[in-house]
Amino acid sequence: MEALKQTVSTFIGKVLIVVIIVLIGVIVALSFQNLGVSGERNVLEQTVKTKDVETARQKDRVAFYKAWMERDRLDALEKDAEFNRTMAAKPKFITSIKYIPTGNDCADLNAIVEEARKNAEESRL
């Protein structure tokens, strides 16, 4: 009987050692999984924070560009108004083409066209 008790006791001891080793392995595995999950959670939180910051920067850029475009539009209106005031102050010249025909239709038409071109160039300046 004594031998049976020793055998049973040894068997139970070895089973308990195996159970303890398995439980330690499970605890270590769960710890690594928990570390992995918390690390992923931290990465996700940082990713969300980064995206929020990028979105805020993009909104600031859009606001800046809108203000810039408004400033350019006001500058263009101001330049147009200044141009109109300057042009209104300049004297106006009215030219008329006076040409005495020579009887040669080709030479007459060429002279009229040339006079019109000169007047158009002068009015552009």
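The structure this text deals with has already been given above.
All values reported here derive from a predicted model rather than from experimental measurement.

**Describing the overall build of the chain**
Across its full length, the chain carries two helices and zero strands. Scored against the burial criterion, the 125 residues of the chain give a buried share of 2%. Element-wise, carbon and sulfur atoms account for 65% of the exposed surface of the chain, whose accessible area totals about 11,700 Å².

**Section: the packing of aromatic side chains**
In total, this model carries three aromatic pairs according to the counting rule given. Relative to Tyr 65, the ring of Phe 64 has its centre 5.7 Å away and its plane inclined at 55°; by these criteria the two rings are tilted. Overall, the relative accessible area of 49% leaves Phe 64 in the partly exposed class. Take Tyr 65: its relative accessible area is 43%, and that puts it in the partly exposed class. Here the aromatic cluster, defined as three or more aromatic residues joined through ring pairs, consists of Phe 64, Tyr 65 and Trp 68.

**What about the pattern of salt bridges?**
Per the counting criterion, the structure on display carries five salt bridges. A salt bridge links Arg 85 to Glu 82; the nearest nitrogen and oxygen atoms lie 2.6 Å apart. Of this pair, Arg 85 and Glu 82 both sit in helix α1 (residues 2-89), three residues apart, which is roughly one turn of that helix. Taking the shortest distance from any N to any O, the salt bridge between Glu 114 and Arg 117 comes out at 3.8 Å. Remark: Arg 117 and Glu 114 occur in helix α2 (residues 105-124); sequence separation between them is three residues, near one turn of the helix.

The rules we used
Residues numbered from 1 in each chain as written. Predicted model: local features only at pLDDT ≥ 70, side-chain atom pairs only at ≥ 80, totals over all residues. Heavy atoms only, no water. Helix = DSSP H or I, 4+ residues; strand = E, 2+ residues; numbered from the N terminus. Buried < 20%, exposed > 50% of the residue type's maximum accessible area, 1.4 Å probe, protein only. Areas by Shrake-Rupley, 256 points an atom, 1.4 Å probe, with all protein chains shown as cover. Phe/Tyr/Trp six-rings, centres within 6.5 Å; stacked < 30°, edge-to-face > 60°. Salt bridge = Lys/Arg side-chain N within 4 Å of Asp/Glu carboxyl O.

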